[in-house]
Amino acid sequence: MSNSVKTDDVIFNFFKQICDEKDDQKCIELGNNWIKAMETNLANMEANLEEKDKIKHKEDIQNNRNHLNSLKNKSSAEWREYATKCMVEIMDNKV
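Just so you know, these numbers come straight off a predicted model, no measurement behind them.

### As for the overall build of the chain
Stage number 1. The secondary structure content of the chain amounts to five helices and zero strands.
Stage number 2. The order of α-helices and β-strands along the chain, N terminus first, is α-α-α-α-α.
Stage number 3. Across its three principal axes, the chain shows a C-alpha extent of roughly 45 × 40 × 20 Å.
Stage number 4. When each of the 95 residues of the chain is scored for burial, the buried share is 23%.
Stage number 5. Total accessible area on the chain is roughly 7,100 Å²; 50% of this is exposed by carbon and sulfur atoms.

Structure, rendered in structure tokens:
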């Protein structure tokens, strides 16, 4: 049995933390931290792409940025709903 931590499990647990947070402001802060982390990941991935791959994936990169921007200014209820949907999607895609 492997003791390695799977990325999906980490993400699932982060979204569970958003759902379980009783303090609305802390819930929003967790959501905003998610956005910042994903923006950083996206920027790092883009920076590591060769120019031809940046062009090839330009639309996907922009779609990811648009998705992250759509998450900004969500209420705690909206964050909990989003996190729940993400958790369900993760569970649905478990192998």
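Structure shown, so let's carry the discussion forward.
### Brief notes about the packing of aromatic side chains
The geometry of an aromatic ring pair is captured by the separation of the ring centres together with the interplanar angle, meaning the angle of the planes.
Stage number 1. For the coordinates displayed, the defined rule picks out five aromatic pairs.
Stage number 2. For the ring pair Phe14 and Phe15, a centre distance of 6.4 Å and an interplane angle of 70 degrees mean the geometry is edge-to-face.
Stage number 3. Residue classification places Phe15 among the buried residues on the basis of a relative accessible area of 3%.
Stage number 4. Summarising the aromatic geometry, the rings of Phe15 and Tyr82 are spaced 5.9 Å apart at their centres and angled 75 degrees between planes, so their arrangement reads as edge-to-face.

### A short note on the environment of Glu21
Stage number 1. Here Glu21 lies in the loop between helix 1 (7-20) and helix 2 (24-47).
Stage number 2. Distance from Glu21 to Ser76, taken between C-alpha atoms, is 9.2 Å for residues 55 residues apart in sequence.
Stage number 3. Apart from the residues lying within four places of it in its own chain, the contact partners of Glu21 are Lys26, Cys27, Leu30 and Arg80.

### With respect to unusual backbone geometry
Stage number 1. Residue Asn73 is not a glycine yet carries a positive backbone phi of 70 degrees.
Stage number 2. Examined against the element boundaries, Asn73 turns out to sit in the loop between helix 4 (58-71) and helix 5 (76-92).
Stage number 3. A relative accessible area of 78% places Asn73 in the exposed class.

### A short note on the packing of helix 1 against helix 2
Stage number 1. At their nearest, the axes of helix 1 and helix 2 sit 9 Å apart, and the two run at 150 degrees to each other. It follows that helix 1 is roughly antiparallel to helix 2 by the angle criterion. When helix 1 is examined against helix 2, the residues Ile11, Phe14, Phe15, Gln17 and Ile18 are found in contact with a partner set consisting of Cys27, Leu30, Gly31 and Trp34.
Stage number 2. Among the residues making up the contact of helix 1 with helix 2, the classes are represented as seven nonpolar, two polar and no charged.

### Notes on the packing of helix 2 against helix 5
Stage number 1. At their nearest, the axes of helix 2 and helix 5 sit 8 Å apart, and the two run at 55 degrees to each other. Regarding the angle of helix 2 to helix 5, the classification is oblique. As helix 2 packs across helix 5, the resulting crossing turns out to be left-handed. Residue-level contacts link Asp24, Cys27, Ile28, Gly31, Asn32, Trp34 and Ile35 of helix 2 to Ser76, Trp79 and Arg80 of helix 5.
Stage number 2. When the residues that make up the contact of helix 2 with helix 5 are grouped by side-chain class, the tally is five nonpolar, three polar and two charged.

Rules and cut-offs
- Residues numbered from 1 in each chain as written.
- Predicted model: local features only at pLDDT ≥ 70, side-chain atom pairs only at ≥ 80, totals over all residues.
- Heavy atoms only, no water.
- Helix = DSSP H or I, 4+ residues; strand = E, 2+ residues; numbered from the N terminus.
- Buried < 20%, exposed > 50% of the residue type's maximum accessible area, 1.4 Å probe, protein only.
- Areas by Shrake-Rupley, 256 points an atom, 1.4 Å probe, with all protein chains shown as cover.
- Phe/Tyr/Trp six-rings, centres within 6.5 Å; stacked < 30°, edge-to-face > 60°.
- Contact = heavy atoms within 4.5 Å.
- Axes fitted to C-alpha atoms, helices over the stretch in contact; angles between N-to-C directions.
- Parallel < 35°, antiparallel > 145°, perpendicular 65-115°, else oblique.
- Nonpolar A, V, L, I, M, F, W, Y, C, P; charged D, E, K, R; others polar.
- Left-handed = near helix turned anticlockwise from the far one by under 90°.

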